[in-house]
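These are the residues of each chain, in order.
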Amino acid sequence: DHVLVTGGSGFIAVWCVYQLLERGHKVRTTVRSDAKGKYLQDLFKKYGDQLSFVIAEDLEKQGAFDDAVKGVDAVLHTASPFHFNIDGDPRGTLINPAVNGTRNVLTSIHKHGKDVKRVVITSSFAAILDSTRKGHIVYTEKDWNISSVENVEKQGKDQEGPDAYRASKTMAERAAWEFVEENKPTWDLVTINPPLVLGPILHQVAAPEKLNTSVGFVWGLLHGSKKEDDLLAPSGNCVDVRDVAYAHVEALVRADAGGNRFATSLGPFVWQDVADVIHADNAVPSEWKKQVPQGKHGEGSSVKQNELDGSKATRVLGLRYIQMQDVVKDMVASLADYEKRG
Ligand code: NDP
């Protein structure tokens, strides 16, 4: 089958492209520059013309995806801004590209993707978690983030970056389900809702400051961003990028996945858990270890925090989660490689 991946240059998307190629699919991907497309073709040169790319610079430009969707059997829509810089207006930099971009891709598929049978969208735990809810909550796919969306109207340009990002993901996912409801397309929809995505990098990064947000947190940890006291602060849930990619790919091929949201989550973590793996790993460069506080070894699991239940993805998609030790080891090794490349 032929699969379109939007935003193939992203941290998660490159792993999706890789796993699709490995399984023998033909992949077309959209990127924002020729250089990013060529990087992917070089990275995956052993797959030859199984991989092609087209440029789609602007998610919001009407018709930008019309050509890209022609002739493919499925679409995996991952492209969406993931940052917290709202620059005075959360709509311009976060919400509009996420929401209009999603609608735009779906409209192109509806009009021109006559062979498309399934669309998988990278949503987020951000579209599930509602930070105004109190107490210990085990979130599932049935939950929706209500408050961040209300805050878009209430707080306008005073909305904080992380909350605006959460609103963008919620509104984009809602827009996708509404699109299906209203247009009754010939394809069905699946969303993948990961929490913080960690794990090894494959994508091109011009400079460490350009690392995507979740990887940037770990890069920061390795370069002194965390103090002793930060390590036991509740930090949310996490998952390995390879598992997130696996869920996207399985969701494309399994008939019974259609119409579902899938939370892909290893479970709650704190930075202490990450620091513990780093200090125990002989392969981690000593100059990095020195920058990572020791904290209180083994105390991470004593921190109580909300959970995202990832068991439906195991039941329906067969996802077996990579454990924290390997998530962190492989991630730090890939960052050490990246640094060596300069
Ligand atoms: P990246 O920043 O690496 O990837 C984002 C992708 O979207 C890139 O291909 C980027 O293109 C593209 N993109 C961003 N903004 C625009 C825009 N305005 N117009 C066109 N393309 C754009 O991050 P991730 O791989 O982490 O994110 C991929 C998806 O996963 C996003 O939808 C994100 O919300 C979601 N997600 C990520 C999580 C995480 O922890 N990483 C957690 C949960 C969900 P370019 O390379 O040219 O910048």
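As the structure is a computational prediction, the values presented were derived from the model and not from experiment.

**Describing the sheet that holds strand S9 (residues 237-240)**
Sheet strands pair by backbone hydrogen bonding; their relative direction is either parallel or antiparallel. Read from one edge to the other, the open sheet built from three strands follows the order S8-S9-S11, with strand pairing classed as mixed. Among the strands making up the open sheet, the edge pair consists of strand S8 (196-198) and strand S11 (267-268). The sheet contact formed by S8 and S9 spans three bridges and is parallel. Paired with Leu198 across the strands is Asp240, a residue of S9.

**Some details on the packing of aromatic side chains**
All chains considered together, the criterion is met by eleven aromatic pairs. Between the aromatic rings of Tyr18 and Phe44, the centroid separation amounts to 6.0 Å while the plane-to-plane angle is 15°, which identifies the pairing as stacked. With a gap of 26 residues between them, Tyr18 in helix H1 (residues 11-22) and Phe44 in the loop between helix H2 (34-43) and strand S3 (51-55) connect regions that are remote in the sequence. Residue classification places Tyr18 among the partly exposed residues on the basis of a relative accessible area of 29%. Taking the centre distance of 6.0 Å and the plane angle of 70° together, the rings of Trp219 and Tyr338 count as edge-to-face. Of this pair, Trp219 sits in helix H6 (residues 213-222) while Tyr338 sits in helix H11 (residues 324-341), and the two are 119 residues apart along the sequence. When sorted by exposure, Trp219 lands in the same class as Tyr338, which is buried. In this structure an aromatic cluster arises from ring pairing among Trp15, Tyr18, Phe44 and Tyr47. Above the face of the Trp144 ring, Arg174 is positioned so that its terminal group lies 4.0 Å from the ring centre.

**Comments concerning the site of the ligand**
In the vicinity of the ligand lie 26 residues, with Ser9, Arg32, Tyr165, Lys169 and Val197 positioned nearest. Within the backbone of Phe11, an N or O atom sits 2.9 Å from an oxygen atom of the ligand. Note that an oxygen atom of the ligand is positioned 2.7 Å from one of the side-chain N or O atoms of Tyr165. Surface burial for the ligand is 88%, taken as the share of its 870 Å² of free accessible area covered by protein chains. When residues of the shell around the ligand are traced back to their parent elements, those giving at least two are H1, helix H5 (161-183) and S8. By residue class, the composition of the shell around the ligand is twelve nonpolar, ten polar and four charged.

**Remarks on the side chain of Asp66**
Tracing the chain through its elements places Asp66 in the loop between S3 and strand S4 (74-77). Of the side chains with opposite charge, Lys111 comes closest to the buried, unpaired Asp66, at an N-O distance of 6.1 Å. Polar contacts involving the side chain of Asp66 include one to the side chain of His112, which spans 3.4 Å. With residues near it in sequence (within four places) discarded, Asp66 still touches Ser108 and His112.

Rules and cut-offs
- Residues numbered from 1 in each chain as written.
- Predicted model: local features only at pLDDT ≥ 70, side-chain atom pairs only at ≥ 80, totals over all residues.
- Heavy atoms only, no water.
- Pairing = 2+ DSSP bridges.
- Helix = DSSP H or I, 4+ residues; strand = E, 2+ residues; numbered from the N terminus.
- Phe/Tyr/Trp six-rings, centres within 6.5 Å; stacked < 30°, edge-to-face > 60°.
- Buried < 20%, exposed > 50% of the residue type's maximum accessible area, 1.4 Å probe, protein only.
- Lys NZ or Arg CZ within 6 Å of the ring centre and 35° of its normal.
- Near = heavy atom within 4 Å.
- Polar contact = N/O pair within 3.5 Å; in protein donor to acceptor, adjacent residues only side chain to side chain.
- Areas by Shrake-Rupley, 256 points an atom, 1.4 Å probe, with all protein chains shown as cover.
- Nonpolar A, V, L, I, M, F, W, Y, C, P; charged D, E, K, R; others polar.
- Lys, Arg positive; Asp, Glu negative; His and termini not counted.
- Salt bridge = Lys/Arg side-chain N within 4 Å of Asp/Glu carboxyl O.
- Contact = heavy atoms within 4.5 Å.

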